[in-house]
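Structural overview
So the chains spell out like this:
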Amino acid sequence: MEVAQKRVAHLPWMRYPVDIDQFEEESLDHVNCLDPRLAEALRKMQIESLFPVQLAVLLETIGPGGFERDICVNSPTGSGKTLAYALPIVQSLCTRKIRCLRALVVLPTRDLALQVKEVFEAIAPAMGLTVGSAVGQSSIADEISSLIKRPRLERYSSLDPEYVTQIEPETSVDILVATPGRLMDHITMTKGFSLEHLRFLVVDETDRLLREAYQSWLPTVLELTSSTNQDLFSCESFSGVSMPRSLSTIRRSGVERGFKGRCSPRLMKIILSATLTQDPSKLSQLDLHHPILLTSGMKRYRLPEKLQSFKLICNSKLKPLYLVALLGELQGEKCIVFTSSVESTHRLSTLLNFFGDLPFQFSEYSRLQRQSVRSKTLQAFREGTIQVLIATDAMTRGMDVEGIRNVINYDMPSYVKTYIHRAGRTARAGLSGSCFTMLRKHEEL
Ligand SMILES: Nc1ncnc2c1ncn2[C@@H]1O[C@H](COP(=O)(O)OP(=O)(O)OP(=O)(O)O)[C@@H](O)[C@H]1O
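Residues numbered from 1 in each chain as written. Predicted model: local features only at pLDDT ≥ 70, side-chain atom pairs only at ≥ 80, totals over all residues. Heavy atoms only, no water.

1. Concerning the pattern of salt bridges
A side chain of one charge can pair with a side chain of the opposite charge when the charged atoms of the two come close. Per the counting criterion, the structure on display carries 17 salt bridges. In this structure, K417 engages D207 in a salt bridge whose closest nitrogen and oxygen atoms are separated by 3.5 Å. In this pair, K417 sits in helix α17 (residues 416-423) while D207 sits in helix α8 (residues 206-211), placing the two residues 210 residues apart along the sequence. Residue K417 is classed as partly exposed on the basis of its relative accessible area of 22%. A relative accessible area of 4% places D207 in the buried class. (Salt bridge = Lys/Arg side-chain N within 4 Å of Asp/Glu carboxyl O. Helix = DSSP H or I, 4+ residues; strand = E, 2+ residues; numbered from the N terminus. Buried < 20%, exposed > 50% of the residue type's maximum accessible area, 1.4 Å probe, protein only.)

In structure tokens:
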């Protein structure tokens, strides 16, 4: 399979990217622009250096002239893109005076969103920031109570009670990690949920999120955030009714950073993927502002450096036996077996159940199952009580599970992008891993 094709980028700004490969992994001691509190939080995560993509994004954001352009990152699976955006966001929000929603990170699935939330939770408290999630893990009422704070009426005892009753609740988190569906539920139904003060919008796994409209979440978010770009004094600040609220939400940083005449800084967008789309019509949906592309090398997509790829040519009727033999050879190493559909995942799992004493524990993982079942399976896989996951690629994009040494394409992926995301579940963070693709004779290229 030809994985890395050289193509001419369609959009002019994509033709002059920043090459991430010019950066080298750098010890935290030498990254001067990183806040020492963040460096300390990273050390607690056993991270002693920054990966190239993290340095590149940090310099384009925290560095001189930072945050004036939207950032598009195309960097291999497992190269550390999550911290690449989490670090500059947390560092730049730490000067905020009032707590309200300033950074929104959107991901395609709940498991992925929870994984990213964990990363933010590991670094944000060190800077006094709070992180929330809107993913549908709990009931909407529970989610609302963790995201929204009711106004403390005693604070306004000197104001006219008529005004006080009109003070709206506000978001009580600085950073929100969300899936599009739940995000839209809050936008449309939750009183006090506001994107008015948003400074950062991260669209992780961009190509996947742009492929599906998800109740028009993107146009809605862009519309709600663009309406905040008003002049300082044209805000409702001095109209009586909303005074208490707007007094508490005047943002100074935009004025300080030189966004003259605006009451807030421009919303900055960061979009990322290991297979970032170059399709102008798709990218135009994001309404990017003077974007800059950060990409690894000149090839369009890249596989992790220490990934080894193998082809296994099988007789189609004997495929399940080949799989069992291969899994036996792997001796209980953590492994994901990818099939082409939820039905085929279910069929293969059912079939494997007929094999008596397999030397590994396995489980199905697909959207046919309830979320609670999936979460338990994922937890068991993380802990190692299950060593083999039979899955569809829709469920595993972006998934980061420690110790996955092997990926098996039981069904051949139809697209190069799919191969990249599947294979990228192993050989992450500079470690080695193997990807086996089982092919029938006629599928061999
Ligand atoms: N600087 C670092 N030092 C050591 N490990 C790191 C560092 N940065 C990230 N990691 C680890 O690398 C792994 C991959 O990171 P991450 O999930 O952010 O990759 P990614 O580029 O988003 O991958 P994908 O495209 O598959 O979503 C994680 O386990 C993370 O903890």
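Read on for the rest.
2. Observations regarding helix α14 (residues 342-354)
Spanning 13 residues, α14 covers 19 Å between terminal C-alpha atoms, matching the ideal 18 Å at 1.5 Å per step. Its buried side turned inward, α14 meets α13 (319-329), β14 (334-339), β15 (362-365) and β16 (388-392). (Expected span 1.5 Å × (residues − 1). Contact = heavy atoms within 4.5 Å.)

3. Some points on the sheet that holds strand β11 (residues 268-273)
With parallel pairing, the eight strands of this open sheet are ordered in space as β1-β12-β4-β11-β10-β5-β9-β6. The sheet is open, and its two borders are formed by β1 (18-19) and β6 (131-134), each paired with just one other strand. For β6 and strand β9 (residues 175-178), the ladder comprises four bridges, and the chain directions are parallel. By the bridge assignment, G132 is partnered in β9 with L176. The sheet contacts of helix α5 (residues 140-147) involve β6 and β9, and relative to β6 the element is tilted by about 155°. (Pairing = 2+ DSSP bridges. Axes fitted to C-alpha atoms, helices over the stretch in contact; angles between N-to-C directions.)

4. Focus on the packing of aromatic side chains
Taken as a whole, this structure holds three aromatic pairs when the rule is applied. Ring centres of Y85 and F120 lie 6.1 Å apart, and the angle between their planes is 40°; on these two criteria the pair is classed as tilted. Linking Y85 in helix α3 (residues 81-93) with F120 in helix α4 (residues 110-123), this pair joins segments that are 35 residues apart in sequence. Exposure remark for F120: the relative accessible area of 0% places this residue in the buried category. Taken together, a centroid distance of 5.1 Å and an interplanar angle of 20° make the contact between F310 and F436 stacked. Pair noted here: F310 is in strand β13 (residues 307-314) and F436 is in strand β18 (residues 433-440), with a separation of 126 residues, a long-range link. (Phe/Tyr/Trp six-rings, centres within 6.5 Å; stacked < 30°, edge-to-face > 60°.)

5. With respect to the domain arrangement of the chain
The domain architecture assigned to the chain consists of domain 1 (12-153 + 166-227 + 263-295) and domain 2 (307-439). Here domain 1 and domain 2 have C-alpha centroids that lie 30 Å from each other. Domain 1 puts 16 residues into the contact, and the matching count from domain 2 is 18 residues. Taken together, both faces of the contact between domain 1 and domain 2 bury some 1,400 Å²; the carbon and sulfur share is 47%. Taken together, the connections running from domain 1 to domain 2 amount to three salt bridges. There are 10 residue pairs in polar contact (both at pLDDT 80 or more) connecting domain 1 and domain 2. Only α4 and α8 provide two or more residues apiece to the side of domain 1 that touches domain 2. Here the side of domain 1 that touches domain 2 gets four residues from one element, more than from any other, and that element is α4. Its residues assigned to classes, the side of domain 1 that touches domain 2 shows three nonpolar, seven polar and six charged. (Domains from an automatic or database assignment. Buried area = accessible area lost by both parts, 1.4 Å probe. Polar contact = N/O pair within 3.5 Å; in protein donor to acceptor, adjacent residues only side chain to side chain. Nonpolar A, V, L, I, M, F, W, Y, C, P; charged D, E, K, R; others polar.)

6. Comments concerning the pairing of strand β12 (residues 292-295)
Burial of the side chains of β12 extends over both faces: I292 and L294 are buried on one face and L293 and T295 on the other. Relative to β12, β1 runs parallel, the two being bridged by two bridges. When the bridges of β12 are listed, V18 appears paired with L294. Here four bridges tie strand β4 (residues 71-74) to β12, and the two strands are oriented parallel to one another. In the strand pairing of β12, C72 is matched with L293.

7. Focus: the environment of G78
Here G78 lies in the loop between β4 and α3. Note: C-alpha distance between G78 and T339 (261 residues apart in sequence) is 21 Å. Every residue in contact with G78, bar those within four places of it in the chain, is listed here: R428 and A429.

8. What to know about the confidence of the model for the chain
Of all residues in the chain, 84% have pLDDT values of 70 or greater, and the mean over the chain is 85. Low confidence marks residues 228-263, where pLDDT is under 50. Its contacts with residues over four positions away, or in another chain, come to 60 contacts. (pLDDT = per-residue confidence, 0-100.)

9. Quick word on the site of the ligand
Around the ligand lies a shell of 19 residues, among which S49, Q54, K81, T82 and D400 are the nearest. Here G80 contributes a backbone N or O atom positioned 3.1 Å from an oxygen atom of the ligand. Contact between the ligand and R425: an oxygen atom at 2.9 Å from a side-chain N or O atom of the residue. For the ligand, whose free accessible area comes to 640 Å², the fraction covered by protein is 83%. With three residues, α3 is the single largest residue contributor to the shell around the ligand. A breakdown of the residues in the shell around the ligand according to their chemical character gives six nonpolar, eight polar and five charged. If you count residues domain by domain, the shell around the ligand takes at least three from each of domain 1 (12-153 + 166-227 + 263-295) and domain 2 (307-439). (Near = heavy atom within 4 Å. Areas by Shrake-Rupley, 256 points an atom, 1.4 Å probe, with all protein chains shown as cover.)

10. Quick look at the side chain of R397
Here R397 lies in the loop between α16 (393-396) and β17 (404-409). A polar side-chain atom of R397 sits 3.2 Å from a polar atom in the side chain of D207. In contact with R397, not counting residues within four places along its chain, are L112, E205, D207, R208, R211, S273, T275, H421 and R425.

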